[in-house]
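# What the coordinates show
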Amino acid sequence: MKKTILLIILALSLSSCFMVTNSMRRFEGRHTTDLYAELGYPAGVYDDGSGGMVLVYTEARGTYYCPPSLSGETSRRGVLIRYTPEVIASYDARRVFWVNKNGIVYKWLWKGL
């Protein structure tokens, strides 16, 4: 049973990676106007050192919340009370496109689903 669940999770992860890769690959060779029309304007635009640009899109993903908690532990010294503060965490999904001086996407990279 555990192996089946693990295989299902692995298959879903791989299919997600494949979908993101295909999504990125379709912009290769296209003009930035196509990129802007579909994804909007990037969070960051940087010089690539060759007259082109590096466009960086970021999006917060996987945000979760853990409420604060108190726990007690009895020892020879008495009761030790531990407080765990709330945690709000997320990670950024990044989509990076390298664009030549003519505005054509020639390279891409993604990190985070």
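Since the model is a prediction, treat every value here as computed from it, not as a measurement.

Procedures and definitions
- Residues numbered from 1 in each chain as written.
- Predicted model: local features only at pLDDT ≥ 70, side-chain atom pairs only at ≥ 80, totals over all residues.
- Heavy atoms only, no water.
- Helix = DSSP H or I, 4+ residues; strand = E, 2+ residues; numbered from the N terminus.
- Contact = heavy atoms within 4.5 Å.
- Pairing = 2+ DSSP bridges.
- Axes fitted to C-alpha atoms, helices over the stretch in contact; angles between N-to-C directions.
- Phe/Tyr/Trp six-rings, centres within 6.5 Å; stacked < 30°, edge-to-face > 60°.
- Buried < 20%, exposed > 50% of the residue type's maximum accessible area, 1.4 Å probe, protein only.
- Lys NZ or Arg CZ within 6 Å of the ring centre and 35° of its normal.
- pLDDT = per-residue confidence, 0-100.
- Salt bridge = Lys/Arg side-chain N within 4 Å of Asp/Glu carboxyl O.
- Patch = residues over 30% accessible without salt bridge, like charges linked within 9 Å, V, L, I, M, F, W, Y side chains within 5 Å.
- Areas by Shrake-Rupley, 256 points an atom, 1.4 Å probe, with all protein chains shown as cover.

## Concerning the side chain of T32
Assignment of secondary structure puts T32 in helix α2 (residues 32–39). Setting aside its immediate chain neighbours within four residues, T32 contacts M53, L55, V99 and G103.

## What to know about the sheet that holds strand β2 (residues 53–66)
As summarised here, the arrangement of the four strands in space is β1-β2-β5-β6, forming an open sheet in which the pairing is antiparallel. The open sheet has two edge strands, β1 (44–47) and β6 (105–111), and neither has a second partner. Here the strands of the sheet are splayed against their neighbours by 25° on average, with no regard to which way each runs. In this structure, strand β5 (residues 87–99) lies alongside β6, joined through six bridges in antiparallel fashion.

## Concerning the packing of aromatic side chains
Across all of its chains, the model carries three aromatic pairs by this definition. Between F27 and F97 the ring centres are 5.6 Å apart and the planes differ by 85°, which places this aromatic pair in the edge-to-face class. Of this pair, F27 sits in the loop between α1 (2–25) and α2 while F97 is found in strand β5, placing the two residues 70 residues apart along the sequence. We note that F27, like F97, is buried. Between Y36 and Y41 the ring centres are 4.8 Å apart and the planes differ by 40°, which places this aromatic pair in the tilted class. One aromatic cluster in this structure is built from F27, Y57 and F97. Against the face of W98 rests K107, its NZ or CZ located 4.6 Å from the ring centre.

## Considerations on the confidence of the model for the chain
The predicted structure's coordinates, where accompanied by low pLDDT, should not be read in detail. When pLDDT is averaged across the chain, the result is 77; 78% of the residues are at 70 or more. The least confident element of the chain, judged by mean pLDDT, is α1 at 52; the most confident is β1 at 94. Every residue in residues 6–18 scores below 50 in pLDDT, and together they form three contacts with partners more than four places removed in sequence or on other chains.

## Quick look at the pattern of salt bridges
Within the structure shown, the criterion is met by two salt bridges. The salt bridge partner of R26 is E38, with a shortest N-O separation of 2.5 Å. Here E38 lies in helix α2 and R26 lies in the loop between α1 and α2, a separation of twelve residues in the sequence. Residue R26 is classed as partly exposed on the basis of its relative accessible area, which comes to 36%. Since its relative accessible area comes to 41%, E38 is described here as partly exposed.

## Focus on a nonpolar patch on the surface
A cluster of nonpolar side chains, namely L70, V79, I81 and Y83, defines an oily patch on the protein surface of about 500 Å² accessible area. In terms of residue count, the dominant contributor to the nonpolar patch is strand β4 (residues 78–84) (three residues). A residue is classified by how much of its surface remains accessible, and Y83, at 55% relative accessible area, is exposed.

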